[in-house]
2 protein chains.
Amino acid sequence: MKIGLDVMGGDYAPDCAIEGAVLAHKEFLPSEKLVLIGDKNIITSKLSVYDYDKDRIEIVHASEVIEMGDSPTKAFASKVNSSVNIGFTMLKKKEIQAFSSAGNSGAMMVGSMYAINTIPGVIRPACAALIPRLSGGYNILLDVGTNPDTKPDVLYQYAILGSIYASEVFGKKNPKIGLLNIGEEEKKGNLLCQGAYRLMKNSADFNFAGNIEGRDLFDDSADVIVCDGFTGNVVIKEAEGFYDILAKRNLLDDFFGRFNYENQGGSPILGINAPVVIGHGISNGTAIKNMVLLSRNMAAAKLSDKIGSAVARYR
Amino acid sequence: MKIGLDVMGGDYAPDCAIEGAVLAHKEFLPSEKLVLIGDKNIITSKLSVYDYDKDRIEIVHASEVIEMGDSPTKAFASKVNSSVNIGFTMLKKKEIQAFSSAGNSGAMMVGSMYAINTIPGVIRPACAALIPRLSGGYNILLDVGTNPDTKPDVLYQYAILGSIYASEVFGKKNPKIGLLNIGEEEKKGNLLCQGAYRLMKNSADFNFAGNIEGRDLFDDSADVIVCDGFTGNVVIKEAEGFYDILAKRNLLDDFFGRFNYENQGGSPILGINAPVVIGHGISNGTAIKNMVLLSRNMAAAKLSDKIGSAVARYR
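Keep in mind that what you see is a predicted model, and the values were worked out from it rather than measured.

Peer 1: Mind showing me how you'd approach helix 9 (residues 285–300) of chain A here?
Peer 2: Each α-helix winds once per 3.6 residues, and so residues spaced three or four apart point in a common direction. Residues and elements named next belong to chain A. The end-to-end C-alpha separation of helix 9 is 22 Å, in line with the 22 Å expected for 16 residues at 1.5 Å each. Most of helix 9 is tucked away: 13 of the 16 residues are buried. The distance from a side-chain oxygen at the start of helix 9 to the backbone nitrogen of Thr286 is 3.2 Å, and the residue carrying that oxygen is Asn284. After helix 9 finishes, the residue Lys302 shows a positive phi value of roughly 50°.

Peer 1: What's the story with empty space enclosed by the protein in this structure? I'm lost.
Peer 2: Space left empty within the atom packing is revealed by a probe, the size of a water molecule, rolled over the atoms. All names here are of chain B. Under the definition given, this model contains four cavities of 30 Å³ or more. In this structure, the largest cavity occupies an estimated 50 Å³ of space. Along the walls of the largest cavity sit Ile269, Leu270, Gly271, Ile272, Ala274, Pro275, Met298, Leu303, Ser304 and Ile307, which together make up its complete lining. Looking at the lining of the largest cavity, the elements that each hand over two or more residues are strand 10 (267–270) and helix 10 (303–314). Element by element, the count of residues in the lining of the largest cavity is highest for helix 10, at three residues. Counted by class, the lining of the largest cavity contains eight nonpolar, two polar and no charged residues.

Peer 1: Just to check I follow, could you spell out the packing of helix 6 (residues 152–170) of chain A against helix 9 of chain A for this structure?
Peer 2: If you want to describe how two helices pack, look at the angle between their axes and the distance between the axes. Residue and element names in this part refer to chain A. Where helix 6 contacts helix 9, the two axes come as close as 9 Å, and the packing angle between them is 100°. Classified by the angle between their axes, helix 6 and helix 9 sit roughly perpendicular to one another. Along its contact with helix 6, which presents Tyr165, Val169 and Phe170, the element helix 9 presents Leu294, Asn297 and Met298. Its residues assigned to classes, the contact of helix 6 with helix 9 shows five nonpolar, one polar and no charged.

Peer 1: Quick question: what am I supposed to make of the sheet that holds strand 1 (residues 2–6) of chain A here?
Peer 2: Think of a sheet as strands paired side by side through backbone hydrogen bonds, with each pair either parallel or antiparallel. Residues and elements named next belong to chain A. Strand order in the open sheet formed by eleven strands is 3-2-1-4-11-10-5-6-9-7-8, and the pairing between neighbours is mixed. Unpaired on one side and paired on the other, strand 3 (57–61) and strand 8 (207–212) mark the two borders of the sheet. Within the sheet, the average angular offset between the axes of one strand and its neighbour, ignoring direction, is 25°. Sheet topology note: the strand 5 (residues 126–132)/strand 10 (residues 267–270) ladder contains two bridges and is antiparallel. The residue of strand 10 that forms the bridge with Ala126 is Leu270.

Peer 1: Could you clarify how one ought to interpret the pattern of salt bridges in this entry?
Peer 2: Should the charged atoms of two oppositely charged side chains come close, the side chains can pair. With the rule as written, the count across this model stands at 32 salt bridges over all chains. Of the charged contacts in the structure, one is a salt bridge between A:Arg215 and B:Glu240, with a shortest N-O distance of 3.1 Å. Placement of A:Arg215 in the loop between strand 8 and strand 9 (224–226) and of B:Glu240 in helix 8 (residues 229–248) is noted, with the two residues assigned to different chains. Among the residues examined, A:Arg215 registers a relative accessible area of 33% and is labelled partly exposed. One salt-bridge network, held together by shared partners, links A:Arg133, A:Lys172, A:Asp220 and A:Asp223.

Peer 1: Can you walk me through the interface of chain A and chain B in this structure?
Peer 2: A common way to express how large an interface is: the accessible area buried when the components associate. Counting residues at the interface gives 37 residues for chain A and 37 residues for chain B. One can count eight salt bridges joining chain A with chain B. With a shortest N-O distance of 3.1 Å, A:Asp254 and B:Arg249 are connected by a salt bridge. Between chain A and chain B we count 16 residue pairs in polar contact (both at pLDDT 80 or more) in total. Taken together, the elements giving at least two residues each to the side of chain A that touches chain B come down to helix 7 (191–200) and helix 8 (229–248) of chain A. Looking at side-chain class alone, the side of chain A that touches chain B contains 19 nonpolar, eight polar and ten charged residues.

Definitions and limits used
- Residues numbered from 1 in each chain as written.
- Chains lettered and ligands numbered in written order.
- Predicted model: local features only at pLDDT ≥ 70, side-chain atom pairs only at ≥ 80, totals over all residues.
- Heavy atoms only, no water.
- Helix = DSSP H or I, 4+ residues; strand = E, 2+ residues; numbered from the N terminus.
- Expected span 1.5 Å × (residues − 1).
- Buried < 20%, exposed > 50% of the residue type's maximum accessible area, 1.4 Å probe, protein only.
- Polar contact = N/O pair within 3.5 Å; in protein donor to acceptor, adjacent residues only side chain to side chain.
- 1 Å grid on protein atoms, 1.4 Å probe; cavity = no way out; pocket = protein on both sides within 12 Å on 5 of 7 lines; lining within 4 Å.
- Points joined across faces, edges and corners; volume = space filled by probe spheres on them.
- Nonpolar A, V, L, I, M, F, W, Y, C, P; charged D, E, K, R; others polar.
- Axes fitted to C-alpha atoms, helices over the stretch in contact; angles between N-to-C directions.
- Parallel < 35°, antiparallel > 145°, perpendicular 65-115°, else oblique.
- Contact = heavy atoms within 4.5 Å.
- Pairing = 2+ DSSP bridges.
- Salt bridge = Lys/Arg side-chain N within 4 Å of Asp/Glu carboxyl O.

As structure tokens, this is what we get:
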């Protein structure tokens, strides 16, 4: 299995990307290879200071870079030799089994949708985030920004996507699915949630745990929490805001420390035909390491195949 | 000026309600009277342990109580001698100039909408909440749950409501209005926010500060942040969740301590014809005190009149 990484993506690329790549590679199985995509001379030179198994890290040259400020659609169409484009081309051709980048997230979305494509039957892919759980581990929240406007049947599918992600990648058995809402009762909430609740309440496709309120995000009420991408994005940014203030005030403890984005490994895009993870622009070496390992775990779990089978079953 | 309080409302009523009433009353101006509505015998007996100016606290008897578990609409229609009903009747007749309760919040909403009514020109009233600001004081967030589904023109009016509330009740000069969104640029967000931004960007009715993200809720980006009631409700409950965890872990400092609901004084309903504040069910004496004082401040500022004039101007 080969895991691809865009070494040119992120505010601190390529240094942090290479540092994170080497860290991740130390945790790979002997049968797994890492493919670093970017400027070959830079990668070779930066990599030379590290101690690593040369047979299991490949370098693929990319002569262009999609910059953070580039228009995603335009850059993806015109910079065909960029590390992001080459990564997606290799992923499409199955020359690599997963791809991640901390670079231009819009371009990563464009590549995911146009080069990799949505799994047949999936209405909309979703971005997932991890939310630290008081009792240990993480809860999964989706969507966190891919689709700000959505419909009840899309939320229903998010429950399937999240359920498979939680069980196959995080080993949660029969994960509980919560619907993020503004009250516990069935009739509560906006029209979207009322409709989604009706679809979800008797579902045999996942283990529905009912409505979850904002204050339940961190407890054991649900393993996976689904919502529209607007609400999910506000929720994770509010949590980031809290984390930043706590960090500045030296109030982090074992629980709040886990809100550090480094631990999250970026946001996976669920519902497309191959594993793609988008990292935070400010990713340091640890964040890159976790992003690469997350993409590896998604590939190892054959997540896209399993989502495809589940969606085909329910269709 | 007479300020009414439902003494029977709240999980710890009537004890905490009476304690809070006496505390609030100590901060009243000599020209201001407090009207306690509830079981006369209970109030007289409980009040006897306190030292207060007997000429400036009136008791109005109510033989019934709307319980926390009662159906709001049914209870408001049938329990005509309840403290909530009598309070709204007095408010409607201008026998009191403000009314608040920590009781059944649904019944308080029903009373606000049917006994007091929306100010002419206001499409939808909104509930506002206070969010501690890092630099001191509070930011105002609305709507936090009255209308989970809403339209761009309603968000536009929330900006007017919030702007007047911030300036008249909290003394903020030319308050900055932010639109809660998932990106800074104009075209970001769901269809609701895209439409609201177009309406708001050149407004002469308030001082528009653009889009505000979840992580900006606590800083100086805006004094007033508007959003649909679904998102607003999730935002404040997430903050409550954080506060509760911090409190349990003894991590509260001067900033995070201000998330304590006691300081908030409940949620005012903006856009109706008289001042109404709904308190938290678990209100203690301090919370009731702040709720009563908030309703007094809204009455003293003639908030409803000023909102009415502003809405008439913009129509």
